[in-house]
Amino acid sequence: MDRTLIQEILEVVEQAAIASAKLTGCGLKNEADAAAVEAMRDRMGKINMRGRIVIGEGERDEAPMLYIGEEVGSGTGPGVDFAVDPCEGTNLCANSQRGSMAVLAASETGGLFNAPDFYMKKLAAPPAAKGKVDINKSATENISILSECLGIAVSDLVIVVMDRARHKDLIAEIRTTGARVQPISDGDVQAAIACGFAGTGTHCLMGIGAAPEGVISAAALRALGGHFQGQLVYDPAVAQTKEWEGLTREGNLARLAEMGISDPDKVYEANELASGENVVFAGSGITDGLLFGGVKFERDCVRTSSLVISTLDNSARFTDTVHIKPGAQSIALR
């Protein structure tokens, strides 16, 4: 992992965002995802590396590209593991709503947790609360700790929660404390990362979302010095999702055992989900969001807004890029 590779990783998410953004607002979430996948894979293929997808679009028989275990890159150079979500928030993209982005996390071989396609209870918080809030504590306790750590009144805290039936009691408890709830329909990666920055108006992410996206969030928050914990959810009665209708708690536990997960109740810290010596997060907005803008198509150029966070040089770089079209005659500064 070096700075040249990080620049190329930025271009990977930029190209995925542009491809997906061409279908923003068209109601075509699967097509938008497929366009992002193809663009991401194509750009990865031009990088001098021995890349491997550890979290992707699914198993090989479910995904023709960026499937788990797929090798990407030129086949020579450093070994790099990737967790990718080429179009995070496909519904948001399809409906031209805020928060959709192309994202990935990268580390040297073996540096990312190969999260199963399960759900995950998540807790994300700012650096000041790292190691003080805890996923095993109640929302009430964590909100009190968060208020003290940040020096912010409970009534001014904003807690992001996915708008799902399974969170009915959690949302009620948060509101009982006096804190504010910001429900989101999709896209908890950006919400989690926003907790790592002051001034975003987002102070904590609580609740259950997809486990693979938890690894990407953990990579970003580890690089930012923020707090992230995740715990796998295997009980359909807890997940309360249509995708798990017909599945059983016992069957899911058996699946986890087959994947080599001997302790299904383990709480994973950020440095366990993203354990590599060097960890990189890269995201590029498809639609406008909390952290950066979406793709803008102009007559002579395409504009992207992105963020790269890296432990290599302890940096978070916000990048606005102008992609100049052939024969361009007039490129506005803004």
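Look up a bit, the structure's there.
Definitions and cut-offs
- Residues numbered from 1 in each chain as written.
- Predicted model: local features only at pLDDT ≥ 70, side-chain atom pairs only at ≥ 80, totals over all residues.
- Heavy atoms only, no water.
- Helix = DSSP H or I, 4+ residues; strand = E, 2+ residues; numbered from the N terminus.
- Buried < 20%, exposed > 50% of the residue type's maximum accessible area, 1.4 Å probe, protein only.
- Pairing = 2+ DSSP bridges.
- Phe/Tyr/Trp six-rings, centres within 6.5 Å; stacked < 30°, edge-to-face > 60°.
- Lys NZ or Arg CZ within 6 Å of the ring centre and 35° of its normal.
- Core = buried A, V, L, I, M, F, W, Y, C linked by side-chain atoms within 4.5 Å.
- Contact = heavy atoms within 4.5 Å.
- Axes fitted to C-alpha atoms, helices over the stretch in contact; angles between N-to-C directions.
- Salt bridge = Lys/Arg side-chain N within 4 Å of Asp/Glu carboxyl O.
- 1 Å grid on protein atoms, 1.4 Å probe; cavity = no way out; pocket = protein on both sides within 12 Å on 5 of 7 lines; lining within 4 Å.
- Points joined across faces, edges and corners; volume = space filled by probe spheres on them.
- Nonpolar A, V, L, I, M, F, W, Y, C, P; charged D, E, K, R; others polar.

Right, let's talk about unusual backbone geometry for a bit. The general pattern is negative phi for most residues beyond glycine and trans for most peptide bonds. A positive phi angle, near 50°, is found at glutamine 240, a position not held by glycine. Looking at the element boundaries, glutamine 240 is found in the loop between α8 (236-239) and α9 (249-258). According to the relative accessible area criterion, glutamine 240 is partly exposed, its value standing at 46%. Despite not being glycine, asparagine 314 shows a phi value in the positive range, around 50°.

So, about the pairing of strand β4 (residues 101-108). Taken across its eight residues, β4 has seven buried, putting it largely inside the fold. Across seven bridges, strand β3 (residues 79-88) lies against β4 in antiparallel orientation. Looking across to β4, one finds that valine 84 is bridged to leucine 104.

So, about the packing of aromatic side chains. In this structure the tally under the stated criterion is four aromatic pairs. Ring geometry for phenylalanine 113 against tyrosine 268: centres 4.8 Å apart, planes inclined by 35°, an arrangement best described as tilted. In this pair, phenylalanine 113 is assigned in the loop between β4 and β5 (119-125) and tyrosine 268 in strand β10 (residues 267-269), connecting sequence segments 155 residues apart. Here the two residues phenylalanine 113 and tyrosine 268 agree in accessibility, since each one is buried. Consider the rings of phenylalanine 118 and tryptophan 244, whose centres lie 5.4 Å apart with planes at 75°: the pair is edge-to-face. Residue phenylalanine 118 is found in the loop between β4 and β5, and its partner tryptophan 244 is found in the loop between α8 and α9; the two are separated by 126 residues along the sequence. In this pair, the class of phenylalanine 118 matches that of tryptophan 244, namely buried. Above the plane of the ring of tyrosine 268 lies lysine 266, whose end atom (NZ or CZ) is 5.4 Å from the centre.

The next thing to look at is the environment of threonine 176. As for its position among the elements, threonine 176 is in helix α5 (residues 168-177). On the basis of relative accessibility, which here comes to 68%, the residue threonine 176 falls in the exposed class. Along the sequence, threonine 176 and aspartate 263 sit 87 residues apart, while their C-alpha atoms lie 33 Å from each other.

Side chains of nonpolar character tend, in soluble globular proteins, to be buried together. Formed by 52 residues in total, the largest nonpolar core has its most connected members in Ile193, Phe228, Leu232, Leu273, Phe281, Leu307 and Ile309. Considering each element in turn, this core owes the most residues, nine residues, to helix α7 (residues 211-224). Residue contacts for phenylalanine 228: discarding those within four places in its chain leaves Met120, Lys122, Leu123, Ala124, Gly214, Ser217, Ala218, Leu221, Tyr268, Glu269, Ala270 and Leu273. One finds Phe82, Ala102, Val280 and Ala282 within the second-largest nonpolar core, a separate group that totals 34 residues.

Here we have six strands laid out as an open sheet, ordered β7-β6-β8-β5-β9-β10, and mixed in their pairing. Every interior strand has two partners, whereas the edge strands, β7 (180-184) and β10, have only one. Here the strands of the sheet are splayed against their neighbours by 20° on average, with no regard to which way each runs. As defined by bridge partners, strand β6 (residues 158-162) adjoins strand β8 (residues 204-210) across three bridges and the pair is classed as parallel. Paired with valine 160 across the bridge in β8 is leucine 205.

The subject of this paragraph is the pattern of salt bridges. Across all of its chains, the model carries 15 salt bridges by this definition. Residues arginine 303 and glutamate 298 are paired through a salt bridge, measuring 2.9 Å at the closest nitrogen-oxygen approach. Taking relative accessible area as the criterion, arginine 303 reaches 15% and is therefore assigned buried. A salt bridge links arginine 299 to aspartate 300, with the nearest nitrogen and oxygen atoms 3.2 Å apart.

Our focus in this paragraph is the layout of surface pockets. Over the atoms rolls a probe the size of a water molecule, and its path tells where empty space is left. In this structure, the largest pocket spans a volume of roughly 1,400 Å³. Lining the largest pocket are 45 residues, and of these Asp117, Tyr119, Ala210, Pro212 and Glu213 sit closest to its centre. If you list the elements that add at least two residues to the lining of the largest pocket, you get α2 (29-44), β1 (50-55), β3, α3 (90-94), β8 and α7. Across the lining of the largest pocket, the residue classes break down as 18 nonpolar, eleven polar and 16 charged. Considered as a void within the structure, the second largest pocket measures approximately 270 Å³ in volume. Surrounding the second largest pocket, 17 residues form its lining, Lys121, Ile135, Leu170, Met206 and Gly207 being those nearest its centre. Mapped onto the lining of the second largest pocket, the elements with two or more residues apiece are β5, α4 (139-150), α5 and β8. Of the residues contributing to the lining of the second largest pocket, the split by class is six nonpolar, four polar and seven charged.

Functional significance is not addressed by these values, which are geometric in nature.
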